[in-house]
Amino acid sequence: MHDLNVVDLSRLQFALTALYHYLFVPLTLGLSMLLAAMETVYVVTRKPIYRQMTQFWGKLFLINFALGVATGLTMEFEFGTNWSFYSSFVGDIFGAPLAIEGLMAFFMESTFVGLMAFGWERLRPGQHLAVTYLVALGSNLSALWILVANAFMQSPVGAHFNPATMRMELSSLPALIFNHDAQAKFVHTSIAGFVTAAIFVTGVSAFYLLRKRHVDLARRSFRMAALFGVLATIGVITLGDALGFVGAQAQPTKLAAMEALWTTEKAPMPFNLVAFPSQSEQTNHGTLQVPYALSLLVTHSLDGSVPGVDQLEKDAVRRIHDGIPAVTALKTLSANPSDATALQQFKAHEKDLGYGFLLERYAPDVTQATPAQVNQAARDTIPAVAPVFWSFRVMVAMGLAMLAFFVMAVIYTMRNNVQDKRWFLKLAVWMIPVPFLANEAGWLVAELGRQPWTVYEMLPTWMSASTHSLGYMIFSITGFVLLYTVFIVVEMYLMVRAIRTGPGTSPGFGEDARLNPAPEA
Amino acid sequence: MKTFLLFLLYMVLAVLVILMAILLGNSGAWYFAWLVGTTMIVLIAAAGASLLDTQDEHAAQGATHGDSP
Amino acid sequence: MDLYAALQITWWLLLGVLLIGLATMVGMDMGVGTILRYVGRTDLQRRVALNTIGPHWDGNQVWFVLGGGAVFAAFPLIYATAFSGFYVVMLLLLWSMIMRPLGFEYRSKMSSRAWRETWDWALFVSGFVPMVVFGAAFGNLFLGAPFHFEWNLTSVYTGSFLSLLNPFAILCGLLSVSLSAFMGASMLMLRAEGAIHQRARTLARGASILAVVLFAIGGVWVRSLRGFVLTAAPAPGTAQTPLQQSVDVASGAWLHNFIGHPLLWLVPVLGFAGMLGGHLAATRGRSLWAWWLGATAWAGVIGTAGVALFPFLLPSSAVPAQSLTVWNASSSQMTLSWMLGFALVFVPLIIWYTSWAFYVMRGTVRGEHVASDEHAY
C-alpha cells in the first residue's frame, strides 16, 4: 500500500522540478520565434545589424536552452521513477504523445539547434533562416505534444478502461489531439512563451538604452519585441478566457477553487475580486465582489451558472457510492478475468471507478466504508482553494500589467522616442521577472486545481505514486535541490555576464589564450 | 522552365495549406488560430523593424535637409 | 499470427532499433566525454574534442529521450516497473546526464582553469556513469529484478539498490563503457588530427579488445545463469496482465532461443565481428570504417541480449510468474498501430536530416578554428 507521506513528497518533488523546468521553457518557445523574426529581417534586407541581433540573442537563447534540455530529462524520468502506477495505468494513452513529441518535435529542435549555433559560416543565409525556423517550430511542437498529454490529465477524452489489462487504453488518437483543453492550453502556453521572450528582450534592450550601449541593436530589438509582445499578450489573454470557458465544463472543481465558490449561487453570479478563502469553514472572509462578472467570464452569458463546492461534494458522494461496486468487481476480475457477472457489474459502474479509488484511501476495503469515510473522500474532491484562487489572480494581474506595459512600449517605440523615456526603460528592466512569475502561477492553477486527481475523475493522485520508502524520497529531493541550486546560480551568472558583455564577442572568447600557451610538441 | 517548376511547387504548397486549413479549421480551430496568429506576430515584428530603418532614414534625410539653407 | 501479436513483435524490434540508435549516437558522445581528459591534454585539445561532436550532441541525445518515450508508449509496464524499481540508479543516471548539456554549453564560456577543469570532470562523469548504468541495466535483465504486483498492478520493488551492482551487471556495464569509448574514439579519429587522433587511435584499439574479452566472458557466464522459461500464459496477441502466467526458472535457459534456432548465433557473431573489425580498422587508421563497425558491434550486443531474453523484457526474480514479457507489457493494438505509423513517417525523416546535419558540419576540427570561432564550445 502507499505511504501517504511518500505520495506528498513525490508531489513536492514533481512540483519543484516541473516549476524549475518551466522557468526555462517559455523563454525557449518565444525567443526561438523572435530569433526567426530577426533573422527574417536579416535575410530580406541583408543589413548586418540584424545578423548581429540574431547571433547575440541566439547566444542568450542557448544559455537558457541548455538548462531547459537538461531539466526536461528529469520530467521524462519522473513519470516512471515516481509515478509508476500512473505510468502503467495510463501509459497506453499518455506515452503516445510523449513518444510522438520525441519523433516529430524534439529531434527536429535539437538537431537544428546545433546547426543554428555552428552553421553560420557553413550555410547560405536562406538555409540558416530555415534552420532557425525549424528550431522555433520544433520547440513549439514539443510544447504541443506535452500539452496534449497534459490535457488528457485535465480532461480525459479518447480513452476507456479495459478490465482485461487493468488499465486505461486509447480509443481515439484524434480525440486526444483535438481535445478542447489541449487546444486552448497549447495556444495559451505557447504564446505565454512569446510574451516571456518579448519582456526579456525589451528588458535587456532597455538596459542597454539606459547605458547608451549598443543603441542600434537595442532600439531595433526593443521595437520588434514590443510589437511581438503586444500581439502575443492579447493572444494570451484571449486564450486564458477560452481556457476558463473550456475548464468550466471539463473541471468544475478546479473552477470552484479558482473562484472560491463555496455555495452554488443563482445567475448572474458575482466575481470574487479579492477573498480570503477558508477551507475548513468552507467560506470566504473579506470578499470584494464584482457583480455579474463571473457568469459573463465563465459562461459568456448573464444567465449562466456553475456549481459551487456544496453542490460538487453532494455529486461526489453519489459517485463514490456508485464507484464501490466498480472497485469490487474489478478486484474479482483481477483474479479471474473471465468472470461474466463481475464484468457486467463493472460495466454498469465503470464511469465512477475513479471515485471508488478515491474512497480506497480511507477504506481499503471499500465495501466496509462508513458514511464518515465517504464524506472524507468527497471533501477530497475539492482542491486547496486558497493557493489556486490566489495563483490565478496573480497570473491574471500580471497578464494585464504586461498588456499595459506593451501598449505603452509600442506607443513609445513607434514614435521612435523610447530611448528618451528613462522612467519607462527602468520599468522595462524591472518587468523581466514578471512573465516568469506569471508562468509559474499559471502552472500552479492548472496542476493544483487538478487535485485530488492525476487523471481527472479517473485516477486519484494518492494511488499514482510509486511505492518508495521515505528514505528514497528524502535522498532524491535533497539531490535535486542541491544540483538545481548550483545550476541556476551558474546559469544566472553566465546570463548576466553575457548580457553585460553585450553583442560582438562571446563572454570568455579570446581570453583563453593563456590557457593554451604553446601547441604540444 | 525553372519559373514553371517554382510555380508548380508553390501551387502544391498552396493547395496543401488550403487542405490543412479546412481540416484544422473544422476540428482544431485554436490550432489553426495559432498558425495564423504566430505567422502574423512574427511578420508584424519583422515589419516593425524594417519600419524603424525607414524612419531612421527619413530622420537622417530630414536632418540634412533642415541643415541646408 | 494475428495483427496484435505482429505489432507487438514489430515494436519489440523497433525498440531494439531505438536502443541501438541510442547506444551508437549517445554512446559516442558519452565516449568522447569519458576519454576527454585522456585524449585532450591541453585546454585547446579538449575544446577540439568537444567541438567534433559540438553541433550534434543535442540531436543525438534525443535518441535517449526517444528510447525512453518509446518504452513508455509501447511498453508502459516496463517503463513504470523498471524506472521506479531501479530508483536510485535511475537518479544517478539522470543526475549525471543533466550535467552534460551544461558541460557542453557552459564549459568554455569562462576562461578560469578551475571552471573548465570542473566541467571536464562533469563531462567525464556524465559520459561514464550513464554508460555503466545502461550496460548494468541489461545485465540485470538477465538476473531478473525483485518486484511483484498487487491486484491492480501497482508494482512493488523489494530489493535494495546495491543488489543492482552485482558482478554480472558490472561486467555488462564495463562492456557498454568500452564500446562507448570505442565509438567516441573513432569519432575523434575521424574529426580530429595530430596528437588527439593518435591518442584516440590507441584508445580505440584497446577498447575494442577489451570489449571482445568482456563480451566473451559474458557469453560463458550466461550459461550458468538462471534463465526464465514461459510455461503457460494467455496466447500472444490477447489482452492480458502479468498475473495470468506461470514461469519456470532453469540454469542455462537463456540459451534456449539460440539452441532452438541455431541461425540466431549469427547475432552474437555480428557483435564479435564488429568489435574485431573495428579493432582492425582503428589499427589501419580507417576511422569511418571503425565507426560503422562499432555501430555494428552495438547492434550485435544489444541484439544478443534481446534474442536471449525473448519473449521476456523484464523478468521478476521475486515472483517469476509475474515477469514482464512482450505479450503482457505492451500497449494496446490501437496505440501500437498509431505509434508504428508515426515511427514509419518520422524515423526516416530523422535519419535524413541528421545525416544532412553531419554533412553540413563535415571535415576536420582544427585548434585554430576552435580558438577563432566565437560560436564554438
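Note: the structure precedes this text.
Comments concerning the overall build of chain C
Of the regular secondary structure elements, chain C holds 13 helices and six strands. For 377 residues, the compact-globule estimate of 2.2 N^0.38 gives 21 Å, and chain C sits close to it at 21 Å. Referenced to the eigenvectors of the C-alpha coordinate spread, the extents of chain C come out at roughly 65 × 40 × 35 Å. Here the analysis covers contacts within chain C between residues at least 6 apart in sequence; of these, 80% occur between residues at least 24 apart.

Some details on the layout of surface pockets
Here the second largest pocket defines a volume of roughly 1700 Å³. Forming the boundary of the second largest pocket are 42 residues, of which L137 and L141 of chain A together with M20, W34 and L35 of chain B lie nearest the centre. Only α3 (84-118), α4 (125-154) and α5 (173-177) of chain A, α1 (2-27) and α2 (29-67) of chain B together with α12 (333-360) of chain C provide two or more residues apiece to the lining of the second largest pocket. By residue number, the principal contributor to the lining of the second largest pocket is α4 of chain A, which donates 11 residues. Here the lining of the second largest pocket is built from residues that sort into 36 nonpolar, five polar and one charged.

Re the interface of chain B and chain A
Across the contact, 23 residues belong to chain B and 33 residues belong to chain A. Between chain B and chain A lies a buried interface of about 2500 Å² when both sides are counted; carbon and sulfur atoms form 70% of it. Looking only at chain B, the three residues that lose the most surface to chain A are W30, Y31 and W34 of chain B, adding up to 31% of its buried area. At the surface where chain B touches chain A, the tally comes to five salt bridges. For K47 of chain A, the salt bridge is made with E57 of chain B, and the minimal N-O distance between the two is 3.7 Å.

Digging into helix α5 (residues 87-106) of chain C
Across its 20 residues, α5 of chain C extends 29 Å between first and last C-alpha, which sits within 8% of the 28 Å expected from 1.5 Å per residue. With 19 of 20 residues buried, α5 of chain C is to be regarded as a mostly interior element.

Points about the packing of aromatic side chains
Scanning the entire structure with this criterion turns up 66 aromatic pairs over all chains. Both rings, one in F134 of chain C and one in W298 of chain C, keep their centres 6.0 Å apart while their planes meet at 70 degrees; by these two values the pair is edge-to-face. Taken together, the residues span a long stretch of sequence, with F134 of chain C in helix α6 (residues 113-143) and W298 of chain C in helix α11 (residues 287-309) at a distance of 164 residues. According to the relative accessible area criterion, W298 of chain C is buried, its value standing at 2%. An aromatic cluster is present here, built from F14, F77, F79, Y86 and F94 of chain A together with F64, F72, Y79 and F83 of chain C joined pairwise through their rings. Taking the ring centre of Y38 of chain C as reference, the NZ or CZ of R41 of chain C above it sits at 5.1 Å.

Section: the pattern of salt bridges
Under the counting rule described, the total for this entry stands at 24 salt bridges over all chains. Salt-bridge contacts for R51 of chain A lead to E121 of chain A; the nearest nitrogen and oxygen are separated by 3.5 Å. Of this pair, R51 of chain A sits in helix α2 (residues 48-82) while E121 of chain A sits in the loop between α3 and α4; the two residues are 70 residues apart in sequence, bridging distant segments of the chain. Measuring nitrogen to oxygen at the nearest pair gives 3.7 Å for the salt bridge that ties D181 of chain A to K185 of chain A. Of the two residues, D181 of chain A and K185 of chain A are both situated in helix α6 (residues 180-211); the distance of four residues between them amounts to about one turn of the helix. When its relative accessible area of 3% is taken as the criterion, D181 of chain A is described as buried. Residue K185 of chain A is classed as buried on the basis of its relative accessible area, which comes to 7%. By sharing partners, the salt bridges in this structure join K47, D216, R219 and R220 of chain A together with D53, D56 and E57 of chain B into a single network.

Concerning the interface of chain A and chain C
At the junction of the two partners, chain A supplies 100 residues and chain C supplies 92 residues. The contact between chain A and chain C buries some 8400 Å² in all, and 70% of this surface belongs to carbon and sulfur atoms. The interface formed by chain A and chain C contains zero salt bridges. Breaking the side of chain A that touches chain C down by element, the ones donating at least two residues are α2, α3, α4, β2 (167-170), α5, α10 (309-335), α12 (353-360) and α18 (470-501) of chain A. In terms of residue class, the side of chain A that touches chain C is made up of 53 nonpolar, 33 polar and 14 charged.

Looking at the arrangement of the chains
For the two pairs of chains in contact, the maximum contact count is reached by chains A and C. Between chain B and chain C there is no contact; the minimum C-alpha to C-alpha separation amounts to 18 Å.

What about the nonpolar core?
W57 and F200 of chain A together with W11 and Y106 of chain C are the most contacted members of the largest nonpolar core, which has 315 residues in total. Among the elements that make up this core, the one with the highest residue count is α3 of chain A (22 residues). Domain assignment of the residues forming this core places at least three in each of domain 1 (4-251 + 392-500) and domain 2 (309-380) of chain A. Y106 of chain C has contacts with I63, A66, L67, V490, E491 and L494 of chain A together with W115 and W119 of chain C, leaving out every residue within four places of it along the chain.

Re empty space enclosed by the protein
One pass over the structure, following the stated rule, counts six cavities of 30 Å³ or more. Its volume calculated, the second largest cavity comes out at about 90 Å³. If you go around the second largest cavity, you meet 13 residues; those closest to its centre are V113 of chain A together with W57, D58, E105 and Y377 of chain C. Where the lining of the second largest cavity is concerned, the elements lending two or more residues are α2 and α3 of chain A together with α3 (57-74) of chain C. Top element by residues in the lining of the second largest cavity is α2 of chain A. It accounts for four residues. Grouping the amino acids of the lining of the second largest cavity by side-chain chemistry returns nine nonpolar, two polar and two charged.

Section: a positive patch on the surface
Taken together, the side chains of R211, K212, R422, K426 and R500 of chain A make up a positively charged region of the molecular surface. With respect to the helices and strands, the residue R422 of chain A is situated in helix α15 (residues 422-430).

Some thoughts on the side chain of S88 of chain A
With respect to the helices and strands, S88 of chain A occurs in helix α3. Dropping the residues within four chain positions of it, S88 of chain A is found in contact with R167 of chain A together with P76, L77, A80 and L153 of chain C.

Let's talk about the packing of α3 of chain A against helix α4 (residues 76-85) of chain C
Close contact between α3 of chain A and α4 of chain C brings their axes to 8 Å; oriented N to C, the two are set at 170 degrees. In this view, α3 of chain A runs roughly antiparallel relative to α4 of chain C, as classed from their interaxial angle. Within the contact between the two elements, α3 of chain A uses S84, S87, S88, G91 and D92 of chain A and α4 of chain C uses P76, L77, Y79, A80 and S84 of chain C. A breakdown of the residues in the contact of α3 of chain A with α4 of chain C according to their chemical character gives four nonpolar, five polar and one charged.

How each quantity is defined
Residue positions within a chain follow its written sequence, with the count starting from 1. For naming, the first written chain is A and the first written ligand is 1, with later ones following in the order written. Totals for whole chains, interfaces and linings use all residues, but because this is a predicted model, local features are given only for residues with pLDDT of at least 70 and pairs of side-chain atoms are given and counted only at 80 or more. Water and hydrogen atoms were dropped before computing side-chain values, which therefore reflect all heavy atoms in the structure. Runs of H or I in DSSP of at least four residues are treated as helices and runs of E of at least two as strands, each being numbered from the N terminus. C-alpha atoms define the radius of gyration, and 2.2 Å times the number of residues to the power 0.38 defines the globule rule. Residues are treated as being in contact if the distance between any of their heavy atoms lies within 4.5 Å. Cavities and pockets were defined on a 1 Å grid built from protein atoms only: a cavity is a group of points that admits a 1.4 Å probe but offers it no way out, a pocket is an open group of points flanked by protein on both sides within 12 Å along at least five of seven lines, and a lining residue is one with an atom within 4 Å of any such point. Grid points are joined across faces, edges and corners, and a volume is the space filled by probe spheres set on the points. Gly counts as polar in this scheme, as do all residues outside two lists: the nonpolar Ala, Val, Leu, Ile, Met, Phe, Trp, Tyr, Cys and Pro, and the charged Asp, Glu, Lys and Arg. The quantity reported as buried area is the accessible area (1.4 Å probe) lost by two parts once they are put together, taken as the sum for both. Every case where a carboxyl oxygen of Asp or Glu lies within 4 Å of a side-chain nitrogen of Lys or Arg is listed as a salt bridge. Helices are assigned an expected span. That span is 1.5 Å times one less than the residue count. Burial classes follow relative accessibility: with a 1.4 Å probe on protein chains only, a residue under 20% of its type's maximum area counts as buried, one over 50% as exposed, and anything between as partly exposed. To pair, rings of Phe, Tyr and Trp, with the six-membered ring standing in for Trp, must have centres within 6.5 Å; the planes then decide the type, stacked if under 30 degrees apart, edge-to-face if over 60, and tilted in the middle. Geometrically, a lysine NZ or arginine CZ counts as sitting over a ring once it is within 6 Å of the ring centre and also within 35 degrees of the ring normal. Grouping buried Ala, Val, Leu, Ile, Met, Phe, Trp, Tyr and Cys residues that are joined through side-chain atoms within 4.5 Å yields what is termed a nonpolar core. Where each domain starts and ends follows an automatic or database-derived domain assignment. Only residues above 30% relative accessible area that lack a salt bridge enter a patch, with like-charged residues linked at up to 9 Å and the nonpolar side chains Val, Leu, Ile, Met, Phe, Trp and Tyr linked at up to 5 Å. Computed by Shrake-Rupley with a 1.4 Å probe, the accessible areas treat only the displayed protein chains as cover when residues are assessed. When charges are counted, Lys and Arg contribute as positive and Asp and Glu as negative, whereas His and the chain ends are disregarded. Charged side chains are reduced to one point each, which is NZ for Lys, CZ for Arg, CG for Asp and CD for Glu. As a rule, the C-alpha atoms of each element are fitted with a line to give its axis, helices using only the stretch in contact, and angles between N-to-C directions run from 0 to 180 degrees. Orientation is classified from the angle alone, with under 35 degrees giving roughly parallel, over 145 giving roughly antiparallel, 65 to 115 giving roughly perpendicular, and any other angle giving oblique.

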